[in-house]
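Chain and residue survey
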Amino acid sequence: MKFNFGTGIAIAIGVFMVFILQYVIRVQMDSKYDNQLVTEDYYQQEQEVDGKREREIAALKLNDKVVIKTNNRGVEITFPKDLDFQNISGKIFLYRPSNQDLDFDIPISLSSSNLLIPNTNLVDGRWDIAVEWEYNNRSYRNVERLTIK
């Protein structure tokens, strides 16, 4: 067999393909590499995008907005003071983009128009917070990206 330039290129391409394939297989099989999905029910959530957007627009139309901010005690969520806080219900979703295992949600249970999520429940870093709430049979959604330090 004669070894020429074309044969060398074919061998180089074959070796490169084997290298890439073994790398892909190793990453997929090894448990130390994290292959988490963003969420388990990704497709179901994609179908709900229009409803989420409508709830976000409803929240933007309020005269007094929901305020989500961090302080030295944790994340403070302040609901509009002109609404009766006893009629507010819903959930708060805390999503950690870098680690799905840290995601959690808590029900809204208010004794005043403020709600505090203590720092003890939160790891330092970026958090996406979604407040899905309802008042007088009207749904609202507020979303905020915060960095906890």
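Along each chain, residues carry numbers from 1 onward, in the same order as the chain's sequence is written. For a predicted model such as this one, the threshold for reporting local features is a pLDDT of at least 70, and the threshold for listing and counting side-chain atom pairs is 80 or more; totals across whole chains, interfaces and linings nevertheless cover every residue. Note that the side-chain values use all heavy atoms of the structure and ignore hydrogens as well as water.

Observations regarding the overall build of the protein chain
Our working definition: Each helix is a run of H or I in the DSSP string that is no shorter than four residues. Each strand is a run of E no shorter than two, and both are numbered from the N terminus. The reference for a compact globule is 2.2 Å times residues^0.38; the radius of gyration itself is calculated from the C-alpha atoms. Remark: exposure states derive from per-residue accessible area (1.4 Å probe, protein chains only) relative to the maximum for the residue type, with buried under 20%, exposed over 50%, and partly exposed in between. Residue contacts follow a heavy-atom distance rule, with two residues in contact if any of their heavy atoms lie within 4.5 Å. What sets the accessible areas is the Shrake-Rupley method with a 1.4 Å probe; for residues, cover comes only from the shown protein chains. Residues scored as charged are limited to Lys and Arg (positive) and Asp and Glu (negative), so that His and the chain ends carry no count. Charge positions are represented by NZ for Lys, CZ for Arg, CG for Asp and CD for Glu.
The helix and strand inventory of the protein chain stands at 3 helices and 7 strands. Listing each helix as α and each strand as β along the protein chain from the N terminus yields α-α-α-β-β-β-β-β-β-β. At 24 Å, the protein chain has a C-alpha radius of gyration far larger than the 15 Å of a compact globule built from 149 residues. Taken over the C-alpha atoms alone, the protein chain extends approximately 85 × 35 × 20 Å along its principal axes. For the protein chain, buried positions account for 28% of its 149 residues. Taking all contacts inside the protein chain whose residues are at least 6 apart in sequence as the whole, residues at least 24 apart take part in 58%. Roughly 10,600 Å² of accessible area belongs to the protein chain as shown, and the carbon and sulfur atoms make up 54% of that amount. Within the protein chain, the 21 negative side-chain charges are centred at a point lying 7 Å from the centre of the 18 positive side-chain charges.

Let's talk about the sheet that holds strand β3 (residues 88–95)
How we decide: If DSSP finds at least two bridges between two strands, the strands pair. Between the N-to-C directions of two axes lies an angle of 0 to 180 degrees, each axis being a line fitted to C-alpha atoms and, for a helix, fitted only over the stretch in contact.
Spatially, 4 strands are ordered β4-β3-β6-β7 in an open sheet, and the strand pairing comes out antiparallel. Looking at strand neighbours, the two that pair on one side only are β4 (104–107) and β7 (138–148), the edges of this open sheet. Neighbour to neighbour, the strand axes of the sheet diverge by 15° on average, direction disregarded. Where β3 and strand β6 (residues 125–135) come together, 8 bridges link them in antiparallel fashion. What sits directly across from F93, in β6, is A130. Contacts from helix α3 (residues 49–60) reach β6 and β7, with the element oriented near 85° to β7.

Some details on the pattern of salt bridges
Formally: By definition, a salt bridge exists where a carboxyl oxygen of Asp or Glu is found within 4 Å of a side-chain nitrogen of Lys or Arg.
As enumerated under the stated definition, the model contains 7 salt bridges in all. A salt bridge links D105 to K91, with the shortest nitrogen-to-oxygen separation between them at 3.4 Å. Taken as a pair, D105 in strand β4 and K91 in strand β3 lie far apart in primary sequence, 14 residues in all. Looking at K91, the relative accessible area reads 38%, which means it is partly exposed. The salt bridge partner of R141 is E132, with a shortest N-O separation of 2.4 Å. What makes E132 buried here is its relative accessible area of 15%.

Comments concerning the side chain of E76
Here E76 is to be found in strand β2 (residues 74–78). Although E76 is buried, it makes no salt bridge; R73 carries the closest opposite charge, 4.1 Å away. The contacts of E76, once residues within four sequence positions are left out, are V67, I68, K69, N71, N114, L115 and L116.

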